[in-house]
Amino acid sequence: MIYLDNAATTRTCPEVVEAMLPYFTESYGNPSSIYDFASVSKQAIARARETIASSIGAKSSEIFFTGGGTESDNWALKAAADAYRAKGNHIITSRIEHHAILHTCEYLERHGFEVTYLDTDETGVVKLEELERAIRPETILISVMFANNEIGTIEPVREIGRIAKKHGILFHTDAVQAYGHLPIDVNADSIDMLSASGHKFHGPKGVGFLYIRTGVKLPSLMHGGAQERGRRAGTENVPGIVGMGKAAEIAMATMEERAQYETGLRDYLIEQMLSRVPYTRLNGHRTQRLPNNANFAFQFLEGESLLILLDGKGICGSGGSACASGSLDPSHVLLAIGLPNDIAHGSVRLTLSEENTKEEMDVVVENVAAIARRLRGMSPQYEAYIRQTEHR
Ligand SMILES: *Cc1c(COP(=O)(O)O)cnc(C)c1O
């Protein structure tokens, strides 16, 4: 198998699993209990919190563990909307956010909030002038992702943070694709809230965190016990938190080297694909993109068919985001960057990891080239196009 869907999820690193195991069967105490046995769990959580805090330049007291990226996004938006309602009812986000943000914004719109969805340029970069223009006295929150999960475009987070700060508006960023892959500094980037998820950086699924800057009023989304200093109720996922802490530690130690390797591999894949498969282009920004993301638009074919045939060869890729696959609508991200419907339908995302090799990229390109020839051979549009160009 050649796994090229690391934006959907990553392989949990064996060292991470090893770090988690004792917290299932040996040190299984509830961290809220008072006896000594439970303090082992409590200390393990404290260590993970410190590791994660220092990885983004935050304080330990600003890190809150959640059930993943989706929960972190929901918490940040819904609770900020609730807490700052007296100040205003306007929220700014972008058209290319993950559904965890977009569907939460739609929910807030049904509950009296107004949301401005910023456009991007054709590479997926949010337009800063448009952001400036969208700001109103009643704007309480700006939420723009750190990097896009479909096309990999990295957003100008530092500039967005500066603009938000200048206007006294909260800034949240969905950094689920960026955390563990790109350097993040919540102070330099003026970030007030940041979402991340364990399984996107070789940690376990079902655990994530939300960074909340000291002073930001953010009430609980989950009501119940007093865990997470009264802000996120529910018995802590101790093994998950320990695993995510371990994954963060590894990600930080290897980031530079990994990014360099993945960028080289990504660029090789892009260059080979564009030169060996005709009528193909790259979606997203050529350089301002995640080290592991490639997203191609293949003219005259259906992305779904290509993916199914690639699967037959043991190659795992994806259409838009994993969360949108199964739906026949073209990706909202590809439409937002201006791709026509048919080109969006012919798009495929390949996201690699440090475990992939150049040889695998060659196999992938070879298979895509062969499958594209076959599918296009059956396409009336392709035939018509070829006939037309021959007549010219
Ligand atoms: C995967 C992803 C999410 C959702 O995270 P889960 O932990 O799977 O809930 C949110 N935002 C982005 C950008 C993602 O890539």
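Just so it is clear, the model here is predicted, and its values are computed rather than measured. Throughout this description, residue numbers start from 1 for each chain and increase along the sequence as written. Per-residue local features of the predicted model are confined to residues with pLDDT of at least 70, and side-chain atom pairs are confined, for both listing and counting, to 80 or more; whole-chain, interface and lining totals are unaffected and use all residues. Values shown for side chains rest on all heavy atoms present in the structure; no hydrogens or waters enter the calculation.

Peer 1: Describe the sheet that holds strand E9 (residues 280-282), listing the residues and the values that go with them.
Peer 2: Strand pairing is assigned whenever DSSP detects at least two bridges linking the two strands. A run of H or I in DSSP becomes a helix once it reaches four residues, and a run of E becomes a strand once it reaches two; helices and strands are each numbered from the N terminus. Ordered by their spatial adjacency, three strands build an open sheet running E9-E10-E12, and the pairing between neighbours is antiparallel. Each of the sheet's edge strands pairs with one partner strand only, and the pair in question is E9 and strand E12 (347-351). Between one strand axis and the next, the sheet turns through 25° on average, direction left out of account. Of the pairings in the sheet, the one linking strand E10 (residues 293-298) to E12 comprises five bridges and is antiparallel in character. Between N-to-C directions, angles span 0 to 180 degrees; the directions come from axes that are lines fitted to C-alpha atoms, helices contributing only their stretch in contact.

Peer 1: Go over the nonpolar core, please, and point to the residues and values.
Peer 2: For this analysis, a nonpolar core means a set of buried residues of the types Ala, Val, Leu, Ile, Met, Phe, Trp, Tyr and Cys, connected via side-chain atoms within 4.5 Å. Burial classification: accessible surface area is computed with a 1.4 Å probe over protein chains only, and a residue below 20% of its type maximum counts as buried, one above 50% as exposed, and the rest as partly exposed. Among the nonpolar cores identified, the biggest contains 51 residues, and Ile 142 and Phe 209 are the most heavily contacted of them. Going through the elements one at a time, helix H1 (14-20), helix H3 (36-55), strand E2 (63-66), helix H6 (128-134), helix H7 (157-166), strand E7 (193-197), strand E8 (208-212) and helix H9 (238-276) are the ones with two or more residues in this core. Counting residues per element, this core draws most heavily on H9, at seven residues. Every residue pair with non-hydrogen atoms within 4.5 Å of one another is taken to be in contact. Setting aside anything within four residues of it in sequence, one finds Phe 209 in contact with Ile 52, Ile 56, Ile 63, Phe 64, Phe 65, Thr 66, Ser 72, Tyr 179, Leu 194, Ser 195, Ala 196 and Met 244. With 28 residues, the next largest nonpolar core counts Ile 270, Leu 301, Leu 306 and Leu 375 among its residues.

Peer 1: Just give me the short version of the site of the ligand, but keep the residues and values in it.
Peer 2: In the region of the ligand, 13 residues are neighbours, and Thr 70, Asp 174, Gln 177, Ser 197 and Lys 200 sit closest. What qualifies as a polar contact is a pair of N or O atoms within 3.5 Å, subject to a donor-acceptor requirement within protein and to the restriction that residues adjacent in sequence count only when both atoms come from side chains. Between an oxygen atom of the ligand and a main-chain N or O atom of Gly 69, the distance comes to 2.9 Å. Contact between the ligand and Ser 197: an oxygen atom at 2.6 Å from a side-chain N or O atom of the residue. Notes on the ligand: free accessible area 380 Å², of which the protein chains cover 88%. A per-element tally of the shell around the ligand places helix H4 (residues 69-83) first, with three residues. When its residues are assigned to classes, the shell around the ligand shows two nonpolar, eight polar and three charged. Residues are classed as near a molecule or strand on a simple rule: at least one heavy atom within 4 Å of it. Accessibility throughout is a Shrake-Rupley quantity obtained with a 1.4 Å probe, and a residue counts as covered only by protein chains that appear here. Three residue categories are used. Nonpolar comprises Ala, Val, Leu, Ile, Met, Phe, Trp, Tyr, Cys and Pro, charged comprises Asp, Glu, Lys and Arg, and polar comprises the others, including Gly.

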